[in-house]
Amino acid sequence: MNSAIRNIRLDRDVAPGDFRDAMRHLAGGVSVITVGRGKDITGMTVTSVSSLSVDPPSLIVSINRASSSWPLLQRLGFFGVNILTADQLDVAERFTGKGGLKGAERFAGAEWIPGASGVPLLTGALAAIDCEVEDIVERHSHAIVIGRVLELRLSSRTAALAYWQGQYVAIDQNEDAVRLAEVSVPAPRAQRKF
Ligand SMILES: Cc1cc2nc3c(=O)[nH]c(=O)nc-3n(C[C@H](O)[C@H](O)[C@H](O)COP(=O)(O)O)c2cc1C
């Protein structure tokens with residue numbers, strides 16, 4: 001075990017339900033992870049995508065090992081990250097597996113063009129990113145997957161899809177930036193990293 005990892009003992013166990021309630025407060029951008037190639041494809045809606053490093057370009061995503069995407073991702077070693085626009089809410093819904101949709105059925109109703117690795121990338125996504133699996137950390141029910149970016153496709157759209165408090169929320173750069181500017185507090189110079 002990594003020396004930086006230690007077991008944390010608490011006087012009282014934290015109930016999973018309480019933890020879930022706490023995490024509902026964390027707003028997350030909605031993406032669809034795609035895996036496979038040709039007709040052997042599937043994917044899933046996630047909010048756990050996060051940038052890992054800019055140089056080299058790499059990201060992480062947390063994937064449930066019981067999901068239908070996991071075996072294909074592990075076997076082929078590639079995945080797509082499709083960062084959704086607010087008007088791609090229907091795509092997000094399909095990739096949660098709602099209504100029993102499975103595999104290639106989830107891709108119907110939207111345009112997908114394969115990336116360099118062969119994974120389907122969503123046309124019109126805010127960003128569509130083709131990744132090669134660089135490393136996997138399996139922990140509890142999930143796996144943290146580190147992806148090295150192979151290819152990027154960007155769109156000029158401005159409205160993002162987020163998930164917060166158990167519901168989808170649209171964030172529009174043009175409309176919401178004005179409202180946010182009214183309530184925002186400038187960060188001290190030393191903290192302005194982004
Ligand atoms: C808004 C939202 C975010 C989600 N984020 C994740 C995630 O980060 N990781 C994950 O493993 N599952 C996540 N899920 C659940 C998967 O989308 C869902 O379990 C999966 O698509 C269905 O699994 P299946 O492919 O086995 O049918 C999320 C679901 C929703 C609605």
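Residues numbered from 1 in each chain as written. Predicted model: local features only at pLDDT ≥ 70, side-chain atom pairs only at ≥ 80, totals over all residues. Heavy atoms only, no water.

(A) Fine view of the sheet that holds strand β9 (residues 127-139). One open sheet holds the seven strands; their spatial order is β3-β2-β6-β9-β10-β5-β4, and the pairing between them is antiparallel. Strands at the two margins of the open sheet, each flanked by one partner only, are β3 (40-46) and β4 (50-53). Direction aside, the axes of adjacent strands within the sheet are offset by 35 degrees on average. Both strand β6 (residues 78-83) and β9 contribute to a ladder of six bridges, which runs antiparallel. From the neighbouring strand, Ile83 faces β9, where its bridge partner is Ala127. (Pairing = 2+ DSSP bridges. Helix = DSSP H or I, 4+ residues; strand = E, 2+ residues; numbered from the N terminus. Axes fitted to C-alpha atoms, helices over the stretch in contact; angles between N-to-C directions.)

(B) Layout of the sheet that holds strand β12 (residues 167-172). Pairing in this open sheet of three strands is antiparallel, and the strands run β1-β11-β12 from one edge to the other. Looking at the sheet topology across the chains shown, the edges are occupied by β1 (28-29) and β12. Summarising the sheet, strand β11 (residues 159-164) and β12 pair through six bridges and their orientation is antiparallel. In the sheet register, Leu161 faces β12, and the bridge partner there is Ala170.

(C) Here's a closer look at the pattern of salt bridges. For the coordinates displayed, the defined rule picks out six salt bridges. The salt bridge involving Arg65 is made with Glu138; its shortest N-O contact spans 2.8 Å. Placement of Arg65 in the loop between β5 (58-64) and α2 (69-76) and of Glu138 in strand β9 is noted, with a sequence separation of 73 residues between them. Using a relative accessible area of 32% as the deciding quantity, one classes Arg65 as partly exposed. With a shortest N-O distance of 3.1 Å, Asp87 and Arg157 are connected by a salt bridge. (Salt bridge = Lys/Arg side-chain N within 4 Å of Asp/Glu carboxyl O. Buried < 20%, exposed > 50% of the residue type's maximum accessible area, 1.4 Å probe, protein only.)

(D) Quick look at the site of the ligand. Neighbouring the ligand are 16 residues, the closest being Thr45, Ser48, Ser68, Phe95 and Arg106. Within the contact set of the ligand, a nitrogen atom lies 2.9 Å away from a backbone nitrogen or oxygen of Ser62. One of the side-chain nitrogen or oxygen atoms of Arg106 is found 2.7 Å away from an oxygen atom of the ligand. Taken by itself the ligand offers 640 Å² of open surface, and the protein chains cover 75% of this. Mapped by element, the contributors of at least two residues to the shell around the ligand are β3 and β5. When grouped by side-chain class, the residues that make up the shell around the ligand number six nonpolar, nine polar and one charged. (Near = heavy atom within 4 Å. Polar contact = N/O pair within 3.5 Å; in protein donor to acceptor, adjacent residues only side chain to side chain. Areas by Shrake-Rupley, 256 points an atom, 1.4 Å probe, with all protein chains shown as cover. Nonpolar A, V, L, I, M, F, W, Y, C, P; charged D, E, K, R; others polar.)

(E) Inspection of α2 at higher detail. Taken residue by residue, α2 has Ser69, Trp70, Leu72 and Leu73 as its buried positions. Residues of α2 that are buried in the fold lie against β2 (31-37), β3, β5, β6, β9 and β10 (142-154). Remark: Gly77 follows α2 within two positions and exhibits a positive phi of approximately 80 degrees. (Contact = heavy atoms within 4.5 Å.)

(F) Structural view of the confidence of the model for the protein chain. Model confidence for the protein chain is summarised by a mean pLDDT of 91, while 90% of its residues fall at 70 or above. Below pLDDT 50 for its whole length, residues 190-194 participates in two contacts with residues either more than four positions away or in separate chains. (pLDDT = per-residue confidence, 0-100.)

(G) The arrangement of the nonpolar core in detail. The biggest cluster of nonpolar side chains holds 17 residues, and the ones touching the most others in it are Ile33, Val61, Ile63, Leu73, Phe79, Val81 and Val145. Those elements that provide at least two residues to this core are β2, β3, β5, α2, β6, β9 and β10. Excluding residues that lie within four positions of it along the chain, Val61 makes contacts with Ile33, Val46, Ser48, Val49, Phe79, Ala143, Ile144 and Val145. Within the second largest apolar cluster, twelve residues are counted, among which are Leu84, Phe107, Trp112 and Leu161. (Core = buried A, V, L, I, M, F, W, Y, C linked by side-chain atoms within 4.5 Å.)

(H) Fine view of the packing of aromatic side chains. Counted by the stated rule, this structure contains four aromatic pairs. Taking 4.9 Å as the distance between ring centres and 85 degrees as the angle between the ring planes, the aromatic pair formed by Phe95 and Phe107 counts as edge-to-face. Of this pair, Phe95 sits in the loop between α3 (89-94) and β7 (112-114) while Phe107 is found in the loop between α3 and β7, placing the two residues twelve residues apart along the sequence. In terms of burial, Phe95 and Phe107 fall into one category: buried. Here the aromatic rings of Phe95 and Trp112 are separated by 5.5 Å at their centres, their planes lie at 55 degrees, and the arrangement is tilted. Here Phe95 is found in the loop between α3 and β7, whereas its partner Trp112 is found in strand β7, with 17 residues between them in sequence. (Phe/Tyr/Trp six-rings, centres within 6.5 Å; stacked < 30°, edge-to-face > 60°.)

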